[in-house]
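These are the residues of each chain, in order.
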Amino acid sequence: MNAAVSASRRRPFTIEPWSVREPELDLGRMAQTESVFALSNGHLGLRGNLDEGEPHAVPGSYLNSFYESRPLPHAEAGYGYPESGQTIINVTNGKLIRLLVDDEPLDTRYGELFSHTRVLDLRAGTLTRDTGWVSPAGRAVRVRSERLVSLTQRAVAAIDYRVEPVDAPVLVVVQSELVANEEVPRPVDVDPRATAVLIAPLAHARHRADPTGATLLHRTKRSGLLMAASMDHEVYGPDGVSVQCTATEHIGRTTVICRLLPGQQLRLVKYLAYGWSGQRSPSALDDQVRAALAAARYTGWDGLVAQQREYLDDFWSSADVEIDGDAELQQAVRCALFHVMQAGARAERRAIPAKGLTGPGYDGHTFWDTETYVLAVLTYLVPDAGADALRWRQSILPLALERATQLGLQGAAFPWRTISGQECSGYWPAGTAAFHINADISDAVLRHVAATADTDFERGTGLELLVGTARLWRSLGHHDAEGEFRIDGVTGPDEYSAIADNNVYTNLMAQQNLRAAAELSARHPRAAAALGVDAEEMASWRNAAGAMRIPYDEKLAVHPQAEGFTDHAVWDFADEPPEHYPLMLHHPYFDLYRKQVVKQADLVLAMQLRPDAFSDPEQMARNFAYYEQITVRDSSLSAAVQSAMAALTGHLDLAYDYLGETALIDLDDLAGNTGDGMHLASLAGSWTAIVAGFGGMRAGQDGRLAFAPHLPSSLARVSFGMHWRGLHLRVAITPDEAEYRLLRGGSAQLIHHDEEIELSGGEPQRCPIPALPPREQPEQPPGRAPAPRRPRG
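Residues numbered from 1 in each chain as written. Predicted model: local features only at pLDDT ≥ 70, side-chain atom pairs only at ≥ 80, totals over all residues. Heavy atoms only, no water.

## Topic: the overall build of the chain
Within the chain, the secondary structure is distributed over 17 helices and 35 strands. For 793 residues, the compact-globule estimate of 2.2 N^0.38 gives 28 Å, and the chain sits close to it at 27 Å. If you line up the chain on its principal axes, its C-alpha atoms span 90 × 60 × 55 Å. Evaluated residue by residue, the chain yields a buried proportion of 62% over its 793 residues. By sequence separation, contacts in the chain at least 24 residues apart represent 68% of the contacts at least 6 residues apart. For the chain, the accessible area works out to roughly 28800 Å², and carbon and sulfur atoms hold 48% of it. Each charge class in the chain can be summarised by its mean position, and for the 73 positive and 101 negative side chains these summaries are 4 Å apart. (Helix = DSSP H or I, 4+ residues; strand = E, 2+ residues; numbered from the N terminus. Rg over C-alpha atoms; globule rule 2.2 N^0.38 Å. Buried < 20%, exposed > 50% of the residue type's maximum accessible area, 1.4 Å probe, protein only. Contact = heavy atoms within 4.5 Å. Areas by Shrake-Rupley, 256 points an atom, 1.4 Å probe, with all protein chains shown as cover. Lys, Arg positive; Asp, Glu negative; His and termini not counted. Charge placed at Lys NZ, Arg CZ, Asp CG, Glu CD.)

Take a look at the structure:
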């Protein structure tokens with residue numbers, strides 16, 4: 001049977017603990033597999049396209065923050081509307097290695113593909129492909145390729161490509177290429193989230209052919225950014241191998257020709273180096289990538305593979321999550337952590353986009369997802385990467401100050417979506433009005449400081465970000481006649497509600513922001529004074545925080561999502577056909593905004609991030625149950641939060657169902673758009689659902705971690721690790737007890753279900769887990785309950 005399948009409903013990946021394996025080529029799922037098999041290090045990202053380039057769904061090679069500007073038209077212009085957008089572009093493709101067998105190009109759509117597997121090895125950090133192909137003329141070859149994007153040499157990627165005949169001599173021609181301005185497909189749907197497509201955005205700047213490679217330099221036509229891509233090769237084969245190199249404005253090509261007998265092999269090791277700059281000259285950037293390429297060749301393929309494994313061994317030693325009782329979920333969570341890690345590993349003061357560097361979705365923009373979801377993982381697993389992401393926010397602070405001034409506000413107004421710091425959202429009710437992003441950034445700062453106890457970061461990056469955002473809140477809100485501090489006309493996380501007064505999430509997060517800014521300013525008076533903070537300003541922050549308006553519906557005994565929300569008409573869920581989800585694609589926002597229907601967790605997210613404001617467990621349970629019945633999860637951001645809060649309110653099986661949804665969103669393409677790139681926030685949320693949900697983890701500013709673990713009946717054991725203030729902690733949970741152990745570090749005080757415990761010297765502490773009180777199962781809108789989790793594997 002031909003191993004290339006035109007379309008299939010079967011799950012495209014086999015279930016394995018440490019790898020993602022595609023056992024046959026499914027052309028109908030190519031967009032999905034290209035995203036899942038994408039490799040990145042946070043600076044450079046390569047989609048999992050086939051080596052020969054075609055067939056493909058979405059070709060993609062990306063450099064973090066390398067973008068083209070584009071007009072951002074508005075049907076009706078208005079003051080303060082952004083006029084220019086930014087779109088990440090498909091840069092020069094260095095993945096291409098084309099093969100001709102006796103003049104027949106390897107193309108899986110022709111001839112016979114008698115074997116095909118691809119394996120993403122989560123411990124090795126490599127993508128391996130094994131292919132057996134018979135050409136239309138009957139010539140059979142086997143091809144094996146292995147690629148990596150280096151986690152230790154930031155600019156470098158490499159490919160080990162091997163071809164051998166099966167049963168007869170063949171003449172093989174291998175064309176290893178750099179190609180700029182690849183044609184990319186235009187989106188055919190009407191989804192407003194679809195990526196803007198820019199045609200041929202790269203203008204030639206310089207090109208050069210070398211004895212075994214080539215270099216191309218290009219500049220974007222509008223944004224004026226300069227990039228360089230360079231390749232070099234090592235060639236191993238029988239006597240008589242010919243190697244030729246050429247370069248033109250948009251194509252660099254190394255051609256290798258030889259005749260192979262059965263038992264002989266041609267091996268090509270391709271080294272790639274990428275760089276970009278908005279300031280360096282072409283000569284300087286050329287030298288930069290040539291140096292990176294020289295370092296890669298010096299290290300060699302085996303050395304790069306060894307460095308990659310060493311980096312990942314260190315990562316998994318602290319980051320691994322072990323799940324006994326659900327092999328499918330085990331694979332999904334490890335795959336999720338791998339993608340989150342590689343999105344930030346070497347980003348180094350660049351943004352972490354919503355899709356990482358795995359696809360063009362959302363134009364390559366970063367949102368509040370980074371701070372609230374992705375950094376909630378990186379802070380505990382790769383803390384240096386988390387700090388760098390916040391230092392990027394600090395680097396765009398001047399633009400945020402400028403934006404606030406444009407809006408008539410003080411302080412810093414960070415962009416809702418951006419690549420380089422300018423606001424790129426053309427829809428202000430769900431963009432500019434979503435001021436909560438500023439408190440989300442401050443929350444990430446506080447999380448990082450609590451987890452690392454890094455006073456230098458706190459005094460520098462942390463204080464500057466908190467002061468800028470606190471000033472925004474103080475000018476955005478006001479004290480009413482009763483003395484309460486109100487924040488009116490804003491949009492919270494739920495994008496089916498907009499321009500609301502006193503959104504509870506926004507107010508609670510702003511309250512924390514204001515308090516923390518005052519506390520840090522008092523703790524670092526000289527640094528605060530340098531920012532112009534005085535005692536009067538700190539007092540105004542404290543007063544605003546203390547008087548913050550937090551709406552409450554006494555009749556229903558729940559918190560309304562925003563002022564008056566629970567008085568709105570409830571959406572008619574019963575008559576909503578399943579094919580009308582997501583609702584935003586079938587109903588006007590006007591109707592969504594005035595009804596009780598929640599796109600994604602909002603008030604429920606407030607309970608997760610500010611549990612101190614909901615001290616009564618019964619109150620949290622009532623809130624959770626109320627919002628379950630009106631939340632439709634039209635956003636991939638929701639299931640993780642609902643999983644964590646279901647666990648914390650005692651609905652463990654429901655939490656387990658939601659965990660499956662958030663962890664498997666890309667491996668099972670549950671949203672139908674994985675082809676645009678991986679859902680990083682959802683993937684990161686799977687870790688949070690386990691650690692904060694089943695583990696009941698809360699981080700205290702007093703330097704202590706608190707846990708309140710419980711497991712659903714379907715799982716026998718869950719174990720996870722994390723960094724905390726220089727310590728390496730491991731927690732293992734069974735239905736009856738939890739075990740806490742320090743794998744590195746001196747000693748630590750923890751809290752287990754309100755009981756203090758002491759860890760030291762690697763000795764474990766085992767604590768019993770109390771039983772949960774029975775609770776009535778909450779209901780979801782008709783047809784919107786998560787799929788019941790049935791463990792597989």
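Right, picking up where we left off after that structure.
## A closer look at the sheet that holds strand β32 (residues 737-744)
Pairing within the open sheet is antiparallel, and its five strands lie in the order β23-β30-β31-β32-β35. With partners counted over all chains shown, the strands left at the sheet margins are β23 (321-324) and β35 (765-768), one partner each. Across the sheet, the axes of successive neighbouring strands diverge by a mean angle of 15 degrees, strand direction being ignored. Relative to β32, strand β31 (residues 727-733) is paired through six bridges, and the arrangement is antiparallel. Counterpart to Val731 in the pairing with β32 is Tyr740. Packing of helix α2 (residues 282-319) onto the sheet brings it into contact with β23, β30 (717-724) and β31, and relative to β31 it is tilted by some 55 degrees. (Pairing = 2+ DSSP bridges. Axes fitted to C-alpha atoms, helices over the stretch in contact; angles between N-to-C directions.)

## Notes on the packing of aromatic side chains
Inspection of every chain in the model, using the stated rule, returns 15 aromatic pairs. Where Phe315 meets Trp316, the ring centres are 4.9 Å apart and the plane angle is 65 degrees; that geometry is what we call edge-to-face. A relative accessible area of 7% places Trp316 in the buried class. These aromatic residues form a ring-pair network of at least three members: Trp18, Phe315 and Trp316. Above the plane of the ring of Trp18 lies Arg334, whose end atom (NZ or CZ) is 3.8 Å from the centre. In this structure, Arg784 packs its charged tip against the face of Tyr581, placed 4.1 Å from the ring centre. (Phe/Tyr/Trp six-rings, centres within 6.5 Å; stacked < 30°, edge-to-face > 60°. Lys NZ or Arg CZ within 6 Å of the ring centre and 35° of its normal.)

## With respect to the state of the cysteines
The term disulfide refers to a covalent linkage connecting the sulfur atoms of a pair of cysteines. In the structure shown here, the tally under the stated rule is zero disulfides. Free of any disulfide, Cys258 has its nearest neighbouring cysteine sulfur in Cys245, separated by 15 Å. Classification of Cys258 by relative accessible area gives buried; the value is 4%. (Disulfide = S-S within 2.5 Å.)

## A look at the pairing of strand β21 (residues 251-260)
Where strand β16 (residues 170-179) meets β21, ten bridges bridge the pair, whose relative direction is antiparallel. Looking across to β21, one finds that Ser176 is bridged to Thr254. Relative to β21, strand β20 (residues 242-247) is paired through six bridges, and the arrangement is antiparallel. Across the sheet, residue Ala247 finds its bridge partner in β21, namely Gly252. Here β20 folds back onto β21, and the loop between the two strands holds three residues.

## Considering helix α5 (residues 383-395)
The terminal C-alpha atoms of α5 lie 18 Å apart, and with 13 residues this matches the ideal 18 Å at 1.5 Å per residue to within 8%. Of all the positions in α5, only Ala385, Gly386, Ala387, Asp388, Ala389, Leu390, Trp392 and Arg393 are classed as buried. (Expected span 1.5 Å × (residues − 1).)

## Focus on the side chain of Gln86
Secondary-structure assignment places Gln86 in strand β9 (residues 84-88). By relative accessible area, which is 4% here, Gln86 ends up buried. A polar atom in the side chain of Gln86 sits 2.7 Å from the side chain of Gln422. Beyond its immediate stretch of four places on either side in the chain, Gln86 contacts Tyr67, Glu68, Arg70, Asp363, His365, Thr418, Ile419, Ser420, Gln422 and Cys424. (Polar contact = N/O pair within 3.5 Å; in protein donor to acceptor, adjacent residues only side chain to side chain.)

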